[in-house]
Amino acid sequence: MTKRILIVDDSASIRQVVSTTLQGAGYETIEACDGMDGLKKLDGSKINLIISDVNMPKMDGISFVKELKANPAYKFTPVIMLTTESQEDKKAQGKAAGAKAWVVKPFQPQQMLTAVEKLVM
Amino acid sequence: MQQIAQPMPVSSDWKNPWIDPVCRHMILPQFALSTVLLFSGFWWLPASVLGVLSFIITIRLGRQVANVQKQQLEQLSAERSAIEQRFERESRQTLEMYRVSHPIWSRQLRTANEQSEIAVMELSQRFKAIVNRLSDSGSSDFQSDAEVLSKLFASSENEIVTVMKELRQSQNSRRDILSKMDALSDYTGELKRMAQEVVGIAEQTNLLALNAAIESARAGEAGRGFAVVANEVRTLSSRSKDTAARMTDNVNRIHESIASTQAATEQTINTQTELMNRAEQDLEEVLKKLKHLMKEHSESSVLLQNKATETQRDVEDILVNLQFQDRLSQILLQVTGSMQGLSDKLEQPSEQIDVQSWLDDMESSYAMQEQRTNHAGQKSHNSDADDNDITFF
């Protein structure tokens, strides 16, 4: 069965690059443009992995992950933070919120696939 | 604002208090009178007059200086007031210009960012299509072409070899038939010899029957019955000879027929062998050429596939580089946000602006190392190559 990955990023070009990379590896992708939109896309259906940006309008990535982890249906869904932020304190915030990995942009597609394959449920 | 730094315009009058006409007209007569009285013996008189005059002059001069200083102060006060008014006016104009320009600049930056985003999206979509096409052609067309041709060639070669083997077998079975026909031909020769032996026996029987007829005639009436038998034997002998002659004719005809069939079969086999040898040579030639073509095709396919893979990798690298748009967006968003914050602060003139706190807030809003480096006034790099990593928690 094809695994589904939710991509949450306010940059359409980043969503497209991530989507292209994952679809090329056989994954199904769903896109959301910020944290709020990401929460709307969680309709109870099975999501195998989430890739989220940190700095986004309306709802940032850290708040989104906190909300996600509060939802019993997605409590154990692994999350990869994909961001330009490389500050250790931000990484610590991501870890505390429940993220499993921190990938700094710009990313190499192969790097992203390695992280996805390691964490996808 | 630059005019504030200009030197103050000052009058040259206040520097020269001796310009006062009273003072100027009194000095020379006083000097002349004092000289005359000094040399005429009334030395005390000029001294007294000189003292009185000096006192008057001092008072007069004091008043002059006080007047000049007063004028100077009034002038300075007026100039300061003018400068303050100009400063206030220019500050208000600057603020107004910023207030009016800020939304325009924000819109321009937003438009630039949006246009850049659209362009990057279009570029990445096109590159994605190229990658997909290259991926499809690389994995199927070139490879499958080469594989299909190779398989086709191998199966054709097998089929040709099988057909040739079958033809050779068929040729061998014809040769068997020919050797059996040879044996048949040998049997007909035997039959022919046997027929000739029958003819010989019939002739000898006929001779014996003739002798018996002569002996029976010599015996007279007693040999009459035997003469009948001898006659019958001669008749039988004659019939045997005829039969043997017909048998010989038939055997000869069969032998001739077999011989002609043998000749025709042998000719056919020879022709077939010749044709097969030629066909084999031609096939070998064709297969050799096909093999060569296959090899060339395979090599060019591999070359094309390598080129396609190389291009695919280049395009993937470009897709990675297109991520600059996200970095650009973040920098522009921070700048527009900062401009909005400054605008809001300037809208409240009574509020005291703490510059350091303002700069600290600005610094805390950065997402990338590049922004922090720029803020610190250091030379920034195009990307955070060192930050490019994955951290697993």
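Let us look at the structure shown here. Remember, predicted model here, so these are calculated numbers, not experimental data. Residue numbers here run from 1 along each chain, matching the order of that chain's written sequence. Going through the entries in the order they are written, you letter the chains from A and number the ligands from 1. Given that the model is predicted, a residue must reach a pLDDT of at least 70 before its local features are reported, and side-chain atom pairs must reach 80 or more before they are shown or counted; all residues, however, enter totals for whole chains, interfaces and linings. The basis for every side-chain value is the complete set of non-hydrogen atoms in the structure, without hydrogens or water.

## Some remarks on the overall build of chain B
Check the secondary structure of chain B and you find six helices and one strand. A helix here means a DSSP run of H or I that spans at least four residues, while a strand means a run of E at least two residues long, and both kinds are numbered starting from the N terminus. In sequence order, chain B lays out its α and β elements as α-α-α-α-α-α-β. Surface accessibility follows the Shrake-Rupley procedure with a 1.4 Å probe radius. Residue values consider only the protein chains on display as shielding. Element-wise, carbon and sulfur atoms account for 58% of the exposed surface of chain B, whose accessible area totals about 28000 Å².

## A word on the interface of chain A and chain B
Facing 32 residues of chain A, the contacting portion of chain B comprises 26 residues. The buried area of a pairing is the accessible area, by a 1.4 Å probe, that goes missing from both parts when the two are put together, added over both. Overall, the association of chain A and chain B removes approximately 2800 Å² of surface from exposure, summing both partners, and the carbon and sulfur fraction of that is 54%. Three residues stand out in chain A for area buried against chain B, namely Gln16, Thr84 and Pro106 of chain A, and they jointly supply 21% of the buried area on that side. Any Lys or Arg side-chain nitrogen found within 4 Å of a carboxyl oxygen on Asp or Glu counts as a salt bridge. For the interface between chain A and chain B, the tally reads two salt bridges. Of the charged contacts in the structure, one is a salt bridge between Arg372 of chain B and Glu85 of chain A, with a shortest N-O distance of 3.6 Å. Any two residues whose heavy atoms approach within 4.5 Å at even a single point are treated as in contact.

## With respect to the pattern of salt bridges
Scanning the model with the defined rule gives 15 salt bridges over all chains in all. Asp326 of chain B is the salt-bridge partner of Lys105 of chain A, the closest N and O atoms lying 2.6 Å from each other. Note that Lys105 of chain A is positioned in the loop between strand S5 (101–104) and helix H5 (109–119) and Asp326 of chain B in helix H4 (residues 324–346), a pairing that runs across two chains. Partly exposed describes any residue whose relative accessible area lies between the buried limit of under 20% and the exposed limit of over 50%, with all areas from a 1.4 Å probe on protein chains only and scaled to the type maximum. A relative accessible area of 1% places Lys105 of chain A in the buried class. Across the pair Glu84 of chain B and Arg80 of chain B runs a salt bridge, and its minimum N-O distance is 3.9 Å. Of this pair, Glu84 of chain B and Arg80 of chain B both sit in helix H2 (residues 44–218), four residues apart, which is roughly one turn of the helix. The exposure class assigned to Glu84 of chain B is partly exposed, which follows from its relative accessible area of 45%.

## Structural notes on a nonpolar patch on the surface
Residues and elements named next belong to chain B. Each patch is built from residues lacking any salt bridge and having more than 30% relative accessible area; the joining distance is 9 Å for like charges and 5 Å for nonpolar side chains (Val, Leu, Ile, Met, Phe, Trp, Tyr). Side chains of Leu33, Trp44, Leu45 and Val49 sit close together on the surface and give an oily, nonpolar patch of about 350 Å² of accessible area. For Leu45, the position within the fold is in helix H2. Judged by relative accessible area, which is 33%, Leu45 ranks as partly exposed.

## Focus on the packing of aromatic side chains
Here the aromatic set is Phe, Tyr and Trp, taking the six-membered ring for Trp, and pairing holds for ring centres within 6.5 Å; pairs whose planes are under 30 degrees apart are stacked, those over 60 apart are edge-to-face, and all others are tilted. Under the counting rule described, the total for this entry stands at zero aromatic pairs over all chains. Here, over-ring charges are defined by two tests on the NZ atom of lysine or the CZ atom of arginine: distance to the ring centre within 6 Å, and angle to the ring normal within 35 degrees. The lysine or arginine in question, Lys118 of chain A, covers the ring of Phe392 of chain B, its NZ or CZ lying 4.1 Å from the ring centre.

## Some words on the packing of helix H3 (residues 61–70) of chain A against helix H4 (residues 88–97) of chain A
Residues and elements named next belong to chain A. Between H3 and H4, whose axes approach to 9 Å, the crossing angle comes to 15 degrees. Viewed along their axes, H3 and H4 adopt a mutual orientation that is roughly parallel. Our pair here, H3 against H4, has a crossing hand that is left-handed. Seen from H3, the contacting residues are Ile62, Val65, Lys66 and Lys69; seen from H4, they are Lys90, Gln93, Gly94 and Ala97. Only C-alpha atoms enter the line fits that serve as axes; for helices the fit covers just the stretch in contact. Angles between N-to-C directions range over 0 to 180 degrees. With respect to orientation, any angle under 35 degrees is reported as roughly parallel, any angle over 145 as roughly antiparallel, any angle of 65 to 115 as roughly perpendicular, and every other angle as oblique. Definitions for this section: a left-handed crossing has its near helix turned counterclockwise from the far helix by less than a right angle. A right-handed crossing has that turn clockwise.

Nothing here speaks to function; it is all geometry.
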